[in-house]
Amino acid sequence: TLGFALCGLGLFGFAPMLGSASGAPALTFAMFALYNFSLSLAPGAISGEGLLAVELAPTRIRSIAQAVTVVGGRLGAAVAAFVFPALLGVIGRSALMVALGGVSIFGAVITFFAVPETKGRSLEEINDDADEAIAMAQSSSTPVASS
């Protein structure tokens, strides 16, 4: 959540400085640096989706969850490569930065309210894959008779 929120704040602070030629270069650099630093903060805005999808998915479908997040990230990058230049021509640099800051703040809100906290919990506890559940599943299956 913190990574997303700081990305948004950095973009909001950076946006008004894009249109002015006489802006404060140190402040412009500081806002851009805040944005770049927060991309790498904790899981951050970049690796959060790949890390959390695998961590929160049950063990038996963890590889599928990883595949879905990778494909989603690639599709998002492909769409952004075509949409952002078009938006830049229509709404301008400052407005595009404000829009991206809004997306980051929206990501922070969604992360805060929708993603469960996993700190200090094992993967088995998170996924309810405890030994008791595995033992019950194994005992309910019929054993194969050996000769």
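Above: the structure in question.
Owing to the predicted nature of the structure, the values given are computational and were not obtained by experimental measurement.

## So, the environment of Leu96
(1) Moving on: Structurally, Leu96 can be placed in helix H5 (residues 93-114).
(2) Moving on: Of the residues examined, Leu96 reaches a relative accessible area of 8% and is grouped as buried.
(3) Moving on: Here the alpha-carbon distance between Leu96 and Pro85, two residues 11 residues apart in the chain, equals 9.9 Å.
(4) Moving on: The residues touching Leu96, leaving out its near neighbours within four places in the chain, are Phe84, Leu87, Leu88 and Ile91.

## Description of the packing of helix H1 (residues 2-18) against helix H2 (residues 25-39)
(1) Moving on: For the pair H1 and H2, the least separation of the axes is 8 Å and the interaxial angle reads 155 degrees. Put simply, H1 runs roughly antiparallel to H2. As H1 packs across H2, the resulting crossing turns out to be left-handed. Packed against H1, whose contacting residues are Gly3, Leu6, Cys7, Leu9, Gly10, Leu11, Gly13, Phe14 and Met17, the element H2 presents Leu27, Thr28, Met31, Phe32, Leu34, Tyr35, Ser38 and Leu39 at the interface.
(2) Moving on: For the contact of H1 with H2, a count of residues per class yields 12 nonpolar, five polar and no charged.

## Regarding the packing of aromatic side chains
(1) Moving on: Enumeration according to the criterion identifies three aromatic pairs in this entry.
(2) Moving on: Seen from their ring centres, Phe14 and Phe32 are 5.4 Å apart, and the 40 degrees between their planes marks the pair as tilted. Of this pair, Phe14 sits in helix H1 while Phe32 sits in helix H2; the two residues are 18 residues apart in sequence, bridging distant segments of the chain.
(3) Moving on: You can call Phe32 partly exposed: its relative accessible area is 38%.
(4) Moving on: Here Phe112 and Phe113 contribute two aromatic rings whose centre-to-centre distance is 5.0 Å and whose plane-to-plane angle is 90 degrees, an arrangement assigned as edge-to-face. Grouping residues by exposure puts Phe112 and Phe113 together as exposed.
(5) Moving on: Members of the aromatic cluster, joined through ring pairs, are Phe14, Phe32 and Tyr35.

The rules behind these values
Residues numbered from 1 in each chain as written. Predicted model: local features only at pLDDT ≥ 70, side-chain atom pairs only at ≥ 80, totals over all residues. Heavy atoms only, no water. Helix = DSSP H or I, 4+ residues; strand = E, 2+ residues; numbered from the N terminus. Buried < 20%, exposed > 50% of the residue type's maximum accessible area, 1.4 Å probe, protein only. Contact = heavy atoms within 4.5 Å. Axes fitted to C-alpha atoms, helices over the stretch in contact; angles between N-to-C directions. Parallel < 35°, antiparallel > 145°, perpendicular 65-115°, else oblique. Left-handed = near helix turned anticlockwise from the far one by under 90°. Nonpolar A, V, L, I, M, F, W, Y, C, P; charged D, E, K, R; others polar. Phe/Tyr/Trp six-rings, centres within 6.5 Å; stacked < 30°, edge-to-face > 60°.

Note that every value here comes from positions in space, so none of it alone points to a role or purpose.
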